[in-house]
Every structure is written in C-alpha cells, then in structure tokens.
Amino acid sequence: MPSVVVSIEVEEGATVTKGQNLAVVEAMKMKNNTPAPVDGTVKSIAAKPGDRLKPGGVILTIE
C-alpha cells in the first residue's frame, strides 16, 4: 500500500543489525517501523522524509 517516509533512522555507511529500526513510514495514518532484514552496512539511502513510496519502493540499500 502507498506510504510516506516519516523519518530515516540511520545514515549511509552505518553498520546495522537484523531487526534494528531503519526508518518510519506512515500508511493509512499509522506509523510503522521498518526493521533491517539482515546485518550489514547501509550502502545508500534512496528516500527522504516526505517522499511518497509505492508498494515495493526502495528506502535504502544494505550490503
């Protein structure tokens, strides 16, 4: 479902662990945390607060 990025909780180059909150998105007036699916390093951030996301949209990339 379409959503809006509320905040990005990490920076490029940050080391993240599985389950760590990466971003907050809002859909249907509900805010949802976006946890890291794997351990890794944030390679790039593709979205910023206020951006609208389509289903399957990329917020950031972890390598």
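Conventions we followed
Residues numbered from 1 in each chain as written. Predicted model: local features only at pLDDT ≥ 70, side-chain atom pairs only at ≥ 80, totals over all residues. Heavy atoms only, no water. Helix = DSSP H or I, 4+ residues; strand = E, 2+ residues; numbered from the N terminus. Rg over C-alpha atoms; globule rule 2.2 N^0.38 Å. Buried < 20%, exposed > 50% of the residue type's maximum accessible area, 1.4 Å probe, protein only. Contact = heavy atoms within 4.5 Å. Areas by Shrake-Rupley, 256 points an atom, 1.4 Å probe, with all protein chains shown as cover. Lys, Arg positive; Asp, Glu negative; His and termini not counted. Charge placed at Lys NZ, Arg CZ, Asp CG, Glu CD. Pairing = 2+ DSSP bridges.

Student: I'm lost on the overall build of the protein in this one. Help?
Tutor: Each helix and strand in the protein was counted, giving zero helices and seven strands. A globule of 63 residues ought to have a C-alpha radius of gyration of about 11 Å, and the protein, at 11 Å, matches this closely. Its C-alpha atoms give the protein principal-axis dimensions of about 30 × 20 × 15 Å. Across the 63 residues that make up the protein, the buried fraction comes to 27%. When contacts within the protein are restricted to residue pairs at least 6 apart in sequence, those whose partners lie at least 24 apart make up 42%. As displayed, the protein offers around 4,200 Å² of accessible surface, 54% of which is attributable to carbon and sulfur atoms. With 7 positive and 7 negative side-chain charges, the protein shows a separation of 11 Å between the mean positions of the two kinds.

Student: Would you mind going over unusual backbone geometry with me for this structure?
Tutor: Although it is not a glycine, M28 adopts a positive phi angle of roughly 50 degrees. The topology assignment puts M28 in the loop between β3 (21-27) and β4 (30-35). Positioned with a positive phi, K29 is a non-glycine residue whose angle comes to about 65 degrees. When you line up the elements, K29 lands in the loop between β3 and β4.

Student: So what exactly am I meant to see when it comes to the sheet that holds strand β2 (residues 15-16) here?
Tutor: The strands making up a sheet associate through hydrogen bonds between their backbones, and the pairing can be parallel or antiparallel. Here three strands make up an open sheet; going across it, the order is β2-β5-β7 and the pairing antiparallel. Whereas interior strands pair on both sides, the edge strands pair on one side only; in this sheet they are β2 and β7 (60-62).

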